[in-house]
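Structural features, examined
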Amino acid sequence: MRRFLASLAVTACLAAPAFAAPEVGDVAPQFQADGFLGGEAFHFDLAEALSEGPVVMYFFPAAFTGGCNIEAALFAESAAEFTAAGATLIGLTAGNTDRLSEFSEAHCASAFPVAAVDRETVSAYSVGLMMRPGWTNRTSYVIAADGEIAFKHTDNNPNEHVTLTLAALHALAPDAGAAPAE
């Protein structure tokens, strides 16, 4: 039993991510990724996107899987709200990347881009899915225009990611606490 526990501890240490997951208040790791918007090739550069305002990015396990189809459709339904709030919206994955062109049309409704992330980005954000190597977990980020992470949410259930990221995005607005204009 003692040998088993020691072996388990060593395995856990070896399986631990090389980087700690970035948290709220940290500067978001920079990256670039290629993907698709409405079936057309698309290049994403986080630094470039941040120069235009906040970025909402969500990592999802893999294209054409049940929860990911739901989550993409939910983000697509609300894409105009993200744009109205001045944000760039992008979905990111390391799973089933050969099908992203089709996924960008079928489930993202051509409303926002999806891109394939490399191992370095997966490590930098610590979003590797342990039970499914090569896939990413379901984590959403709101990154302020200054590059600081304003919000992070990890949950395998796809249903609240849109609502929570929109709320965090609206909280970034300069007049977030002001009374509504009549």
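Treat the numbers as computed from the prediction; the structure is a model and nothing was measured.

Among the secondary structure elements, Asn69 is positioned in helix 3 (residues 66-84). A distance of 3.5 Å separates a polar atom in the side chain of Asn69 from the backbone nitrogen of Phe64. Residue contacts for Asn69: discarding those within four places in its chain leaves Phe64, Phe103 and His107.

Moving on, we come to the pairing of strand 1 (residues 32-37). Where strand 1 lies against strand 2 (residues 40-45), six bridges are found, and the strand directions are antiparallel. Bridging from a neighbouring strand, Phe36 pairs with Ala41 of strand 2. Taking the residues between adjacent antiparallel strands as the criterion, strand 1 and strand 2 are bridged by two residues, where Gly38 takes a positive phi near 60°. Across three bridges, the pairing between strand 1 and strand 5 (residues 114-116) is antiparallel. Across the sheet, Asp34 pairs through a bridge with Ala116, a residue of strand 5.

Looking now at the side chain of Ser78. Here Ser78 is to be found in helix 3. Not counting chain neighbours up to four residues away, the residues in contact with Ser78 comprise Val162 and Leu166.

So, how was this worked out
Residues numbered from 1 in each chain as written. Predicted model: local features only at pLDDT ≥ 70, side-chain atom pairs only at ≥ 80, totals over all residues. Heavy atoms only, no water. Helix = DSSP H or I, 4+ residues; strand = E, 2+ residues; numbered from the N terminus. Polar contact = N/O pair within 3.5 Å; in protein donor to acceptor, adjacent residues only side chain to side chain. Contact = heavy atoms within 4.5 Å. Pairing = 2+ DSSP bridges.

Take it as geometry only, folks, not as evidence of what the structure does.
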